[in-house]
Amino acid sequence: MTTDPVPATAAVPPDRQLVRELWPLLLAAALGLVPFTIMGNFLAPIAQDADSPVEVIGSFRGLGGIAALVLGATAAPLIDRIPRNKVAGIALATLAIACLGSLLSATAGWIAFCLLVGVGTSLLNPAVSAMAADRYSSEAASGRAATLVTSTTTLTAMLAAPLLAAPAVIWGWQGDMIGAALLCSVVALVLVRRPEKRPADRGPAPGYVEAFRTALRVPGAVLLIALSCVRTACFMGQLAYVAAYYDQVHDLSPTTFSLVWTLSGTAFFVGTWWSGRFLAQDRNLRLAPAVLSAGGALAAVGHTALFLTSSLPLALAGTALSSIGHALLAAGVITLLVRRAGEVRGTLMSLNGSGQSLGVFAGAALVGTTLALGGWRATGVTLALLMAGCAIAGQAIKPLPAKEHHVDR
């Protein structure tokens with residue numbers, strides 16, 4: 001049973017109504033994180049079953065990022081030309097095949113697994129975000145719906161590990177993979193059978209090349225995607241090494257550090273949820289540049305407090321602040337892209353996803369290099385300077401009245 005799109009002049013529906021209407025899309029977004037979460041949680045037994053070193057199997061995950069980066073960029077216009085529920089269904093089916101293929105427990109199978117998961121997520125995330133936004137003709141509701149997808153993936157990243165660990169005690173990582181494959185298959189069928197909603201005023205999708213040109217003409221799109229890439233590099237770079245930092249500097253055991261990880265995830269979730277709701281009430285997004293700048297500034301302060309202090313309470317405060325700052329930036333970028341994209345919403349979501357994939361690689365390399373050259377303090381200064389730059393760049397985003405056309409022709 002479906003509901004009619006919310007009129008353009010209507011207020012943003014309450015979050016509980018949005019969740020009730022979007023639950024298949026939110027579930028699909030959550031499932032996109034599960035395969036790699038299983039791989040990460042059970043990397044040691046997976047490597048043992050594959051008779052390969054942990055370092056070798058773990059390095060294959062980078063192949064998924066490469067696949068997501070390449071396919072996300074090259075296939076971006078297809079998200080607007082092919083029915084998005086079909087794209088999401090194909091993506092979930094790809095994830096299901098990857099999970100089942102991992103049961104071969106062979107090195108070649110894990111290479112295929114990582115490539116397929118990268119392909120699946122590069123299609124799933126922009127398709128689901130665009131579908132959630134397209135369900136509502138109100139631009140404010142569209143932006144809020146898209147940020148709910150982001151909040152859901154954040155919540156999943158925080159909760160997936162313990163939820164997957166409990167049943168694995170009984171059936172091992174193989175059982176988790178089978179369960180993930182079944183869930184992906186069921187949700188794929190639900191989405192394929194779910195009628196796709198497109199705003200009544202949305203014109204026909206542009207051609208492949210024209211979609212890129214149109215996307216680049218969306219005011220602020222290039223800068224927003226660049227901000228998203230830099231933000232992801234800083235945040236994911238921090239997350240890649242933060243466990244080692246707390247171990248070396250604050251002598252926290254892995255068990256205790258799990259509480260720090262929960263703190264970071266909770267702060268990011270709350271920041272994304274609140275800022276998405278706040279921006280949804282800002283009809284013409286007049287305050288969006290301020291939200292972007294505040295996010296960059298908070299993240300800069302957070303990175304500084306985390307890496308440039310020997311005090312554990314200050315480090316914990318820095319962890320929370322950096323997560324909140326990155327959440328504000330993430331929600332601001334998604335809201336602005338969704339509400340300005342017009343007929344290339346799927347294209348921009350896919351290009352933004354590719355920018356984030358690039359950021360993941362760049363972030364790990366950046367933090368690894370600064371750590372090797374100057375230690376934790378150099379890492380903190382570098383990340384803080386980059387996020388301060390994002391705070392300044394956020395002010396260059398000019399707000400547009402929602403009623404104006406989004407693309408200069």
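For the structure itself, look to the data block above.
In what follows, the accompanying structure is described. The structure presented is a predicted model; accordingly, all values stated were derived computationally and were not measured. (Residues numbered from 1 in each chain as written. Predicted model: local features only at pLDDT ≥ 70, side-chain atom pairs only at ≥ 80, totals over all residues. Heavy atoms only, no water.)

Quick look at the pattern of salt bridges
Okay, so step 1: As enumerated under the stated definition, the model contains six salt bridges in all.
Okay, so step 2: Linking Arg 84 and Asp 80 is a salt bridge whose minimum nitrogen-to-oxygen distance equals 2.4 Å.
Okay, so step 3: Residue Arg 345 is joined to Asp 134 by a salt bridge in which the shortest nitrogen-to-oxygen separation is 2.6 Å. Remark: Asp 134 occurs in helix H8 (residues 107-134) and Arg 345 occurs in helix H15 (residues 345-394); sequence separation between them is 211 residues. (Salt bridge = Lys/Arg side-chain N within 4 Å of Asp/Glu carboxyl O. Helix = DSSP H or I, 4+ residues; strand = E, 2+ residues; numbered from the N terminus.)

Here's the deal with the environment of Leu 26
Okay, so step 1: Along the chain, Leu 26 falls in helix H1 (residues 15-31).
Okay, so step 2: For the pair Leu 26 and Thr 107, spaced 81 residues apart in sequence, the C-alpha to C-alpha distance is 32 Å.
Okay, so step 3: Beyond its immediate stretch of four places on either side in the chain, Leu 26 contacts Val 19, Leu 148, Val 149 and Thr 152. (Contact = heavy atoms within 4.5 Å.)

Points about the packing of aromatic side chains
Okay, so step 1: In the structure shown here, the tally under the stated rule is ten aromatic pairs.
Okay, so step 2: Summarising the aromatic geometry, the rings of Trp 110 and Trp 173 are spaced 5.5 Å apart at their centres and angled 50° between planes, so their arrangement reads as tilted. Here Trp 110 is found in helix H8, whereas its partner Trp 173 is found in helix H9 (residues 139-193), with 63 residues between them in sequence. Each member of the pair, Trp 110 as well as Trp 173, is classed as buried.
Okay, so step 3: Ring geometry for Tyr 245 versus Phe 307: centroids 5.0 Å apart, planes at 70°, classification edge-to-face. (Phe/Tyr/Trp six-rings, centres within 6.5 Å; stacked < 30°, edge-to-face > 60°. Buried < 20%, exposed > 50% of the residue type's maximum accessible area, 1.4 Å probe, protein only.)

Digging into helix H5 (residues 61-74)
One turn of the α-helix equals 3.6 residues, which is why residues spaced by three or four share an orientation.
Okay, so step 1: The end-to-end C-alpha distance of H5 is 20 Å, a good match for the 20 Å that 14 residues give at a rise of 1.5 Å each.
Okay, so step 2: Burial in H5 covers these residues: Gly 64, Gly 65, Ala 67, Ala 68 and Gly 72. Buried residues of H5, viewed axially, fall in a sector of 160°; they line one side.
Okay, so step 3: Of the surrounding elements, those touching the buried residues of H5 are helix H2 (34-41), H8 and H15. (Expected span 1.5 Å × (residues − 1). Arc of directions from axis to C-beta.)

A closer look at the nonpolar core
Okay, so step 1: Ranked by size, the top nonpolar core spans 55 residues in total, and within it Ile 57, Leu 92, Trp 110 and Phe 113 carry the most contacts.
Okay, so step 2: Put simply, the parts of the chain that give this core at least two residues each are H1, H2, helix H3 (43-50), helix H7 (84-101), H8 and H9.
Okay, so step 3: Looking at this core, the element that brings in the most residues is H9, giving 15 residues.
Okay, so step 4: In this structure, Ala 221, Trp 376, Met 387 and Cys 390 belong to the second largest nonpolar core, which totals 45 residues. (Core = buried A, V, L, I, M, F, W, Y, C linked by side-chain atoms within 4.5 Å.)

Focus on the packing of H8 against H15
Okay, so step 1: As a packed pair, H8 and H15 sit with axes 9 Å apart at the nearest point and diverge in direction by 140°. Put simply, H8 runs oblique to H15. By crossing handedness, the relation of H8 to H15 is classed as right-handed. Contact residues: H8 offers Ser 122, Pro 126, Ser 129, Ala 130, Ala 133 and Asp 134, while H15 offers Arg 345, Gly 346, Met 349 and Ser 350.
Okay, so step 2: Across the contact of H8 with H15, the residue classes tally to four nonpolar, four polar and two charged. (Axes fitted to C-alpha atoms, helices over the stretch in contact; angles between N-to-C directions. Parallel < 35°, antiparallel > 145°, perpendicular 65-115°, else oblique. Left-handed = near helix turned anticlockwise from the far one by under 90°. Nonpolar A, V, L, I, M, F, W, Y, C, P; charged D, E, K, R; others polar.)

Considerations on unusual backbone geometry
Okay, so step 1: A positive phi angle is found at Asp 51, which is not glycine, with a value near 55°.
Okay, so step 2: As for its position among the elements, Asp 51 is in the loop between H3 and helix H4 (54-59).
Okay, so step 3: With a relative accessible area of 71%, Asp 51 lands in the exposed category.
Okay, so step 4: Although it is not a glycine, Ser 105 adopts a positive phi angle of roughly 55°.
Okay, so step 5: Checked against the element boundaries, Ser 105 lands in the loop between H7 and H8.

Looking at a nonpolar patch on the surface
Okay, so step 1: A surface patch of nonpolar side chains, amounting to about 350 Å² of accessible area, comprises Trp 23, Leu 27, Val 186 and Val 190.
Okay, so step 2: Going through the elements one at a time, H1 and H9 are the ones with two or more residues in the nonpolar patch.
Okay, so step 3: Position of Leu 27 relative to the elements: it lies in helix H1. (Patch = residues over 30% accessible without salt bridge, like charges linked within 9 Å, V, L, I, M, F, W, Y side chains within 5 Å. Areas by Shrake-Rupley, 256 points an atom, 1.4 Å probe, with all protein chains shown as cover.)

Brief notes about the packing of helix H11 (residues 221-250) against helix H12 (residues 254-280)
Okay, so step 1: Where H11 contacts H12, the two axes come as close as 10 Å, and the packing angle between them is 160°. By the criterion of interaxial angle, the relationship of H11 to H12 is roughly antiparallel. Crossing of H11 against H12: the hand is right-handed. For the pair H11 and H12, the contacting residues are Arg 231, Phe 235, Leu 239, Val 242, Ala 243 and Tyr 246 in the first and Phe 257, Val 260, Trp 261, Ser 264 and Phe 268 in the second.
Okay, so step 2: Partitioning the contact of H11 with H12 into residue classes produces nine nonpolar, one polar and one charged.

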